Structures are given as structure tokens and as C-alpha cells.
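A look at the structure
Each chain is listed here by its residues.
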Amino acid sequence: MNIARFFLILLPLVVIVFYGKVLFSVADDDLNQFESKPLPEFFLLNLEGNPVDVSNLAGIKLLNVWASWCITCLVEHPYLSELSSKGFDVIGLNYKDSSDKAQNWLNKYGNPYQFSIYDPRGDLAFDLGVTGAPETFLVVNSQVIEHIQGELTKKKWETIFLPRILAAQGDLK
Amino acid sequence: MSIQNFFLSLLLFVSFGLLGEFIYEFSDTTKEKRFYNLISEVRCPKCTSGSIASSDAPVSRDLKDRIYQLIREGKSDQEIKSYVSDRFGAFSDYSPPKEGVHALLWFAPSVFLWLLLLIFFMRRRF
């Protein structure tokens, strides 16, 4: 009888702990974590009008989605330039923009990008799962391994991207 | 044609042109039903909570256009859902498959309820 009572208390506890643990681990690890995927295939021109050579995307690259109409892109622009001058490879994905406006924007504010992929309809952006500009992807050897939605801040850079970059640098050596 | 009539007809053309962007035309009603069912089951990636059917965010419009196109190409619902979740994550599917770890979400509440009932009746007997 005492054993039965003991189980009556224990059983719901076990159930609660078990489901709680499973559900919380799903929420943390599966849903919030970016699903790593290969860089989608694309056939686009750069802003200069030449076809983009995908081999230029090998190694460790930041792929930054931007547009001249995007206000937050201008906000993150100085930090992006700082990263670029520190030697990180930043590649632009010009999103739903016109090449004239994009070119003017770069001339006016400076160009932190090695080159910008010109994606006026947002085709590559759609395949990447871009929900709006700005958004930045970390691409290692044509594998998209992490992303930051919205403004790329120092804090996000140091907590989300930098550890993955250091790990990737270690792997590539 | 008076000037008034001219501007009135101009207005008609303009409004039809605008409507054309948002109307999805289908050759048969099954496809149309599937389309409206699908867009209510895909989460808007830009919203706090809501389907792309209820959203006019640019990315939701892109998603609706793409789903429309895929249905016309004869893709199945499952193919379209995995097409979307490949790009926007498993999070995008409002009705996740009832298998694997998702099964817990669907069935855990009823399992829990039955366990409680069982315990309740067992206790009464003691």
C-alpha cells in the first residue's frame, strides 16, 4: 500500500520532468537554432554586371543582405566597414534594389563589400530564407552555418558569429 | 468622351491593375482550396505569430506567389511544405507532422489527462 502511494506521487513527477525536459530541449536546440544548409545554387550578376563566380564564396565569408532603401542597413554600415577593415571577408547581397541606387549608396557611404551580388527579385534571398534586410549569413566553404537577422551589432557578432568563425578557422588550418 | 468620363475610366484601369497583383486564379477549385489551406498553415517568418494568409509583409507575398506557382506546377502539399521549411526552417510549418518528437506535442496532453484520471480512480479505491 505504501509502495502504491509512493508510485502515485512518483509517476506524475516522472511524466512532468520527462515531457518538460523534452519540450524545453526541442524549443532551445531545434527551433531556435539555425538549420545549417548548403549555399543555394544561383545564377546572378554582381553589381558591376558580371556573372558571380561561386568559387569567390569559398573560405569564411559574411554574406550581408542589404539595400539602398533599407534604413537599418545604414545603421549597421559603420560596423560592417569596421569588420571589413579588420580583414573579415564581407560579401553583399543587394536585395530588391536597383543597381543605380545601390551603386550610388555605395559611392556615398563607402563600400565594405568585396563584391555585391545583384538580386533585384530576391531569388537567392528567398532560397536563403531571408525575411527582410538587413540579414547576415556566415558561410564557410559554401555551407551556410549561422545567421543574424536585423542589425549586426558588436554583441551579436561576439556571441553568435565570432565563436563559429574561430572554430572554422581552426578546422580549416 | 467628356473629361470626367475619361478620368473615370482611367480610374477603373488603375484599380483593376492593382487588384490583379493580389488575386490568385486557378483552373480548378481543388487547387484553389489547397492553396488557401496551405497559406493558412505556413507561418509568416516576419510576424510574431500568424500565417502568411493573414500577412501582407513582402516576404509573405513572395511566399504566397511561390506556393501559387508550385501548385500550378503540380507539386504536392508535402513537397511544397518541405520546399518552404528547407528555406525558412521547420518553424515555418504551423501543422507539424504527427511523428517523432512532434508526436509529443500532439499526444502528451491526452496521455497526461488519462494518467491523471487513472490515478484519481486508483486513489479512490485505496
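Worth saying up front: this structure is predicted, and the values here are computed from it rather than measured. (Residues numbered from 1 in each chain as written. Chains lettered and ligands numbered in written order. Predicted model: local features only at pLDDT ≥ 70, side-chain atom pairs only at ≥ 80, totals over all residues. Heavy atoms only, no water.)

Section: the overall build of chain B
Stated formally: Runs of H or I in DSSP of at least four residues are treated as helices and runs of E of at least two as strands, each being numbered from the N terminus. Whether a residue is buried, partly exposed or exposed follows from its accessible area with a 1.4 Å probe, protein chains only, as a fraction of its type maximum: under 20%, in between, or over 50%, in that order. By definition in these notes, contact holds between two residues if any of their heavy atoms fall within 4.5 Å. Only the protein chains shown count as cover for residues, with accessible areas throughout obtained via the Shrake-Rupley method and a probe of 1.4 Å.
Along the backbone of chain B there are five helices and zero strands. Each helix and strand of chain B, ordered N terminal to C terminal, gives the series α-α-α-α-α. Within chain B, buried positions represent 30% of all 126 residues. Considering only contacts within chain B whose residues lie at least 6 apart along the sequence, 48% involve residues at least 24 apart. For chain B, the exposed surface amounts to about 8800 Å²; the carbon and sulfur share of it is 63%.

Details of the domain arrangement of chain A
For clarity, the threshold we go by: Domain start and end points were adopted from an automatic or database domain assignment.
By domain assignment, chain A separates into domain 1 (1–30) and domain 2 (31–172). Each of domain 1 of chain A and domain 2 of chain A was reduced to a C-alpha centroid, and the two centroids are 44 Å apart.

Thoughts on the domain arrangement of chain B
Along its sequence, chain B is organised into domain 1 (23–95) and domain 2 (99–126). Using only C-alpha atoms to locate each centre, domain 1 of chain B and domain 2 of chain B end up separated by 35 Å.

Looking at the pairing of strand S4 (residues 90–95) of chain A
All names here are of chain A. What counts is decided by this rule: A pair of strands is labelled paired if DSSP reports no fewer than 2 bridges between them. Call a crossover right-handed when, viewed with both strands pointing away from you, the route from the first strand across the helix to the second goes clockwise.
The element S4 is extensively covered by neighbouring structure, given that six of its six residues are classed as buried. What you see with S4 is no split at all: Val90, Gly92 and Asn94 on one side and Ile91, Leu93 and Tyr95 on the other are buried throughout. Taken together, the five bridges between strand S3 (residues 60–66) and S4 define a ladder with parallel strand orientation. In the sheet register, Val65 faces S4, and the bridge partner there is Leu93. Across four bridges, S4 lies against strand S5 (residues 116–119) in parallel orientation. If you follow Leu93 over to S5, its bridge partner there is Ile117. Running through helix H3 (residues 99–109), the crossover from S4 to the neighbouring parallel element S5 is right-handed.

Digging into the interface of chain B and chain A
A common way to state how big an interface is: give the accessible area lost once the parts meet. Convention followed: Here's the idea: put two parts together, see how much 1.4 Å probe accessible area each one loses, and the total over both is what we call buried area. Here, a salt bridge means any Lys or Arg side-chain nitrogen found within 4 Å of an Asp or Glu carboxyl oxygen. In protein, a polar contact means a hydrogen-donor-capable atom and an acceptor-capable atom, both N or O and within 3.5 Å, with residues adjacent in sequence counting only if both atoms are side-chain atoms; elsewhere, any N or O pair within 3.5 Å suffices.
With 26 residues of chain B at the interface, the matching set in chain A holds 24 residues. Buried surface at the junction of chain B and chain A, both sides included, amounts to about 2200 Å², of which 72% is carbon and sulfur. Summed over the shared surface of chain B and chain A, the number is two salt bridges. In this structure, Asp127 of chain A and Arg87 of chain B form a salt bridge, with 2.7 Å as the shortest nitrogen-oxygen distance. For the interface between chain B and chain A, the tally reads four residue pairs in polar contact (both at pLDDT 80 or more). Counting only elements with at least two residues in the side of chain B that touches chain A, the list comes to helix H3 (58–72), helix H4 (77–88) and helix H5 (102–125) of chain B. Top contributing element to the side of chain B that touches chain A by residue count: H5 of chain B, with nine residues.

Quick word on the state of the cysteines
Two cysteines form a disulfide when their sulfur atoms are joined by a covalent bond. Applied cut-off: When two cysteine sulfur atoms lie within 2.5 Å, the pair is treated as a disulfide.
The tally for this structure, following the rule as stated, stands at two disulfides over all chains. Sulfur-sulfur distance for the disulfide between Cys70 of chain A and Cys73 of chain A comes to 2.1 Å. Linking Cys70 of chain A and Cys73 of chain A, the disulfide has an S-S dihedral of approximately 90° and is accordingly described as right-handed. Summarising the burial analysis for this pair, Cys70 of chain A and Cys73 of chain A share the class buried. Here Cys44 of chain B pairs with Cys47 of chain B through a disulfide, and the sulfurs are 2.1 Å apart. Judged by the sign of its S-S torsion, about 75°, the bond between Cys44 of chain B and Cys47 of chain B is right-handed. Taking the relative accessible area as the measure of exposure, Cys44 of chain B reaches 1% and is therefore buried. A relative accessible area of 30% means that Cys47 of chain B is categorised as partly exposed.

Topic: the side chain of Lys64 of chain B
All names here are of chain B. Here is the rule we go by: His is not counted here, nor are the chain ends, while Lys and Arg score as positive and Asp and Glu score as negative.
Along the chain, Lys64 turns up in helix H3. As a buried residue without a salt bridge, Lys64 has its nearest oppositely charged side chain in Asp56, at a separation of 4.9 Å. Here Ile52 takes part through its backbone oxygen, which lies 3.1 Å from a polar atom of the side chain of Lys64. Beyond its immediate chain neighbours, meaning those up to four positions away, Lys64 contacts Tyr24, Phe35, Ile39, Ile52, Ala53 and Ser55.

Description of the sheet that holds S4 of chain A
Residues and elements named next belong to chain A. The seven strands are arranged S1-S7-S6-S3-S4-S5-S2 in an open sheet whose pairing can be described as mixed. With partners counted over all chains shown, the strands left at the sheet margins are strand S1 (37–38) and strand S2 (45–46), one partner each. Pairing analysis gives two bridges linking S2 to S5, with the strands arranged antiparallel. Each bridged residue has a counterpart across the sheet, and for Leu45 the counterpart in S5 is Tyr118.

Regarding the environment of His77 of chain A
All names here are of chain A. Tracing the chain through its elements places His77 in helix H2 (residues 71–85). Here His77 falls in the buried class, since its relative accessible area comes to 6%. With 74 residues separating them along the chain, His77 and Glu151 place their C-alpha atoms 9.2 Å apart. In contact with His77, not counting residues within four places along its chain, are Trp105, Tyr109, Gly110 and Pro112.

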